[in-house]
Amino acid sequence: MSYLHLKVPPTRDERLKPCNAYGGSMCNLAKGQKTGCLSANGRTFAQATGCQLTLSMAMAASIPNTVVIYHGPVGCGAGSLGLAGQSKLSQLARGNNDAVGRVWMSTNLSESDVVNGSEAKLEAAILEAERRFRPHAIFIGNTCVPAIIGDDIDNVTQKVQPLVNARIIPLHCEGFKTRFVATAYDIVYHGILRYLLNEDPDREPLLKDEAADIAYEQKRKRTVNLLNVGSMGYVDEVELTRLLNAIGLEVNVYPCFTSPEKFVRVKDAALSVSICATHDDYFVEHLKEHYGVPYVLNTIPIGTDNVRLWLLDIADFFGIREQALRVIELEEAELRKALEPLLPLFKGKKAFVSTGEIRAGAQACMLENDLGMTVVGIRAHHYDQFGEIVFDNFKDRDDVTINVAANQPFEQVNLFRKLKPDLFLGHGNSNVWAARQGVPVLPIYGPNNSYLGYKGIFEVASRLERILENPEYYKTLGDTAESPYQEAWYDQDAYAYIKQTQQVA
Ligand code: SF4
């Protein structure tokens, strides 16, 4: 699937034909995904979703020694303000004592720039970034306005590159271009592949024999790329590194929080190890095609079933399955012992999970199979071919509602009124809506908390125990917070506005 010769990579909408609007059983979701008809679904009423610019720039700005420039009106950067301190803390945790956190600028486009063009402003911003910060790389995030008026940021990059030492990386991450925020991962990886890894952006994919020779040579080194696009905190990196070390592998983590000058080493690894296909499929496929680095991509190591699958996939590649099975056996035995006193509290509790597709499926599986809860609903931001393995647990379950929705709190509150979950694991805004309905919440991701590997299972269980032991805060909120929706909405089908809104391709 090589797209590296393109200045602008395809969107997820074009490349994977995912679905972003669905409500019903897993069985019908899987069937619809296979026929491709669900990608034509939409909503006749929808609330705001995210913009891929924010995610692209969050990922780019986590890379030390870089400047990110928002090329657009100043408001486009507003979504990034909340991340200001996080990047510095994350870099400090990884031993970068010189961490300065996110360094970002905006070209602050005005109405007259919209009329007269804004390339000169971008040029000036790049030169200013170089003069003030002397970074290793400058990422330019293109927003809707310059894309609509026809600014050519690639041309500006070419013109200014000889004048600065930093590598300039244009990112075409305009919010209006895609219904799927996950396109942001492809956009940033595309920039890294074209401008940080590759001296020649027009490099052709390797021939089959060349790729096989390189793969054989690198396999002996037993070093893997562990990919983190920012959704894995440092504690999780430590846990996964511990497990990979235990089966005899060396680990380098990319791309977030790793200095760009180290990126060239990505090509020397024996294997790329993804923790989520939604994040990494674009990157690992290109690394394989252009540099002969194979990959594993099947699942995320959340819950014993998926940790086992993840570790065995990696071990099988190196021919060390027996060694991995010994580690798994020991770890699982220890975990079972540690979880035992907590299980009576969880038995039969109704849980609802909402997050990205891969994490949602695996987390739901963990709640049922490791903790003995009953999952009543799963919301995924989108659904595509990569969801099949982690959602396998639910394929014959008519008692679990599957909602594919990015945000859309009106659907969530309606489902909660009907399903009455005892517990919610979700992201950002959706947590607020659950809490307002009196449902105890565990954030499904936090940079300082542990979620992955065996340690993650125990830590999540311990935090859930604390929340369930004392849910008073949520109870009070549920009793006092007013619903902004009319009662008539709760009587309707939660999925009433999901319709086929486009022609099936
Ligand atoms: S959708 Fe466009 S205008 Fe809105 S924040 Fe994103 S890039 Fe800026």
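Reading the values: the criteria
- Here the residue numbering is sequential within each chain, running from 1 through the sequence in written order.
- Only residues with pLDDT of at least 70 are given local features in this predicted model, and only at 80 or more are side-chain atom pairs given and counted; all residues enter the totals for whole chains, interfaces and linings.
- Side-chain calculation: all heavy atoms of the structure are included, whereas hydrogens and water are not.
- Secondary structure is summarised from DSSP: a helix means a run of H or I of at least four residues, a strand means a run of E of at least two, and numbering begins at the N terminus for each.
- When we talk radius of gyration, it's over C-alpha atoms, and the globule rule is simply 2.2 Å times the number of residues to the 0.38.
- Classification of residues uses two cut-offs on accessible area relative to the type maximum, computed with a 1.4 Å probe and protein chains only: under 20% is buried, over 50% is exposed, and between them is partly exposed.
- Note on definitions: a residue-residue contact is assigned when non-hydrogen atoms from the two residues lie within 4.5 Å.
- The protein chains shown are the only cover counted for residues, whose accessible areas, like all others here, come from Shrake-Rupley with a 1.4 Å probe.
- Charge counting follows a simple rule: Lys and Arg are positive, Asp and Glu are negative, and His as well as the terminal groups are ignored.
- Every charge is mapped to an atom, namely NZ of Lys, CZ of Arg, CG of Asp or CD of Glu.
- Whether two strands pair comes down to DSSP finding at least two bridges between them.
- A clockwise course of the path from the first strand over the helix to the second, judged with the strands pointing away from the viewer, identifies a crossover as right-handed.
- Domain start and stop points were drawn from an automatic or database domain assignment.
- Note on definitions: buried area is the accessible-area loss of two parts on being combined, 1.4 Å probe, summed for both.
- By salt bridge we mean one thing: a side-chain nitrogen of Lys or Arg within 4 Å of a carboxyl oxygen of Asp or Glu.
- Under this grouping Gly is polar, as are all residues other than the nonpolar Ala, Val, Leu, Ile, Met, Phe, Trp, Tyr, Cys and Pro and the charged Asp, Glu, Lys and Arg.
- Note on terminology: a nonpolar core comprises buried Ala, Val, Leu, Ile, Met, Phe, Trp, Tyr and Cys residues joined through side-chain atoms within 4.5 Å.
- Interaxial angles span 0 to 180 degrees and are taken between N-to-C directions of axes, which are lines fitted to C-alpha atoms, for helices over the stretch in contact.

In this structure, what is going on with the overall build of the chain? I would like to understand it.
Counting its regular elements, the chain contains 21 helices and 16 strands. Radius of gyration (C-alpha) of the chain: 23 Å, near the 23 Å computed for a compact globule of 505 residues. Based on the C-alpha atoms only, the size of the chain along its principal axes is roughly 65 × 55 × 45 Å. Out of the 505 residues belonging to the chain, those deemed buried represent 55%. If you take every contact in the chain between residues at least 6 apart in sequence, the share linking residues at least 24 apart comes to 77%. For the chain, the accessible area works out to roughly 21200 Å², and carbon and sulfur atoms hold 51% of it. In the chain, 51 positive and 61 negative side-chain charges are present, and the distance between their average locations comes to 2 Å.

How should the sheet that holds strand β8 (residues 250–255) be read in this particular structure?
On the basis of which strands lie adjacent, the open sheet formed by four strands has the order β8-β7-β9-β10 and parallel pairing. Taken across any chain shown, the strands that pair with only one partner, and hence form the sheet edges, are β8 and β10 (295–296). One ladder, built from two bridges, connects strand β9 (residues 271–273) with β10; its direction is parallel. Across the sheet, S272 pairs through a bridge with Y295, a residue of β10.

Got a minute to help me understand the pairing of strand β3 (residues 66–71) in this structure?
Side-chain positions along a regular strand alternate between the two faces of the sheet. Of all six residues in β3, six are buried, a share of seventy percent or more. By the alternation rule, side chains of β3 split into T66, V68 and Y70 and V67, I69 and H71, which are all buried. Summarising the sheet, β3 and strand β5 (residues 137–142) pair through six bridges and their orientation is parallel. The residue of β5 that forms the bridge with V67 is I138. In this view, the connection linking β3 to its parallel neighbour strand β4 (residues 104–106) by way of helix α4 (residues 86–93) has right-handed handedness.

Any chance you could explain the domain arrangement of the chain here in plain terms?
Many structure descriptions define interface size as the accessible area lost when the parts assemble. Split into domains, the chain comes out as domain 1 (52–178), domain 2 (208–330) and domain 3 (340–500). Taking only C-alpha atoms into account, the centre of domain 2 sits 29 Å from that of domain 3. Across the boundary between the two partners, domain 2 contributes 29 residues, which contact 24 residues of domain 3. For the pair domain 2 and domain 3, the summed buried surface comes to about 2200 Å²; carbon and sulfur atoms form 63% of the total. On inspection of domain 2 and its partner domain 3, the count reaches zero salt bridges. Where the side of domain 2 that touches domain 3 is concerned, the elements lending two or more residues are α11 (234–246), α12 (277–291) and α13 (304–318). Looking at the side of domain 2 that touches domain 3, its residues break down into 16 nonpolar, nine polar and four charged.

Sorry, what's going on with the nonpolar core here?
It is characteristic of soluble globular proteins that their nonpolar side chains tend to be buried jointly. Residues L367 and L464 are the most contacted members of the largest nonpolar core, which totals 127 residues. For L464, the contacting residues outside a window of four places in its chain are F346, L367, L371, M373, L423, L425 and L442. Core analysis: the next-biggest nonpolar cluster, separate from the first, contains 16 residues, M105, A129, I153 and I168 among them.

Would you take a moment to explain the pattern of salt bridges for this structure?
Opposite charge on two side chains permits pairing when their charged atoms draw close. For the coordinates displayed, the defined rule picks out 26 salt bridges. The salt bridge involving E130 is made with R134; its shortest N-O contact spans 3.7 Å. Take E130: its relative accessible area is 6%, and that puts it in the buried class. Through salt bridges with shared partners, one network takes in R12, R15, D186 and D281.

Sorry if this is basic, but what is going on with the sheet that holds strand β1 (residues 22–24) here?
Each strand in a sheet pairs with another by means of backbone hydrogen bonds, the pair being arranged parallel or else antiparallel. On the basis of which strands lie adjacent, the open sheet formed by six strands has the order β1-β13-β12-β11-β14-β15 and mixed pairing. The two strands at the open ends of the sheet, each matched to only one other strand, are β1 and β15 (441–443). Strand-to-strand twist of the sheet, defined as the mean angle between neighbouring strand axes without regard to direction, takes the value 15°. Of the pairings in the sheet, the one linking strand β14 (residues 423–426) to β15 comprises three bridges and is parallel in character. From the neighbouring strand, G426 faces β15, where its bridge partner is P443.

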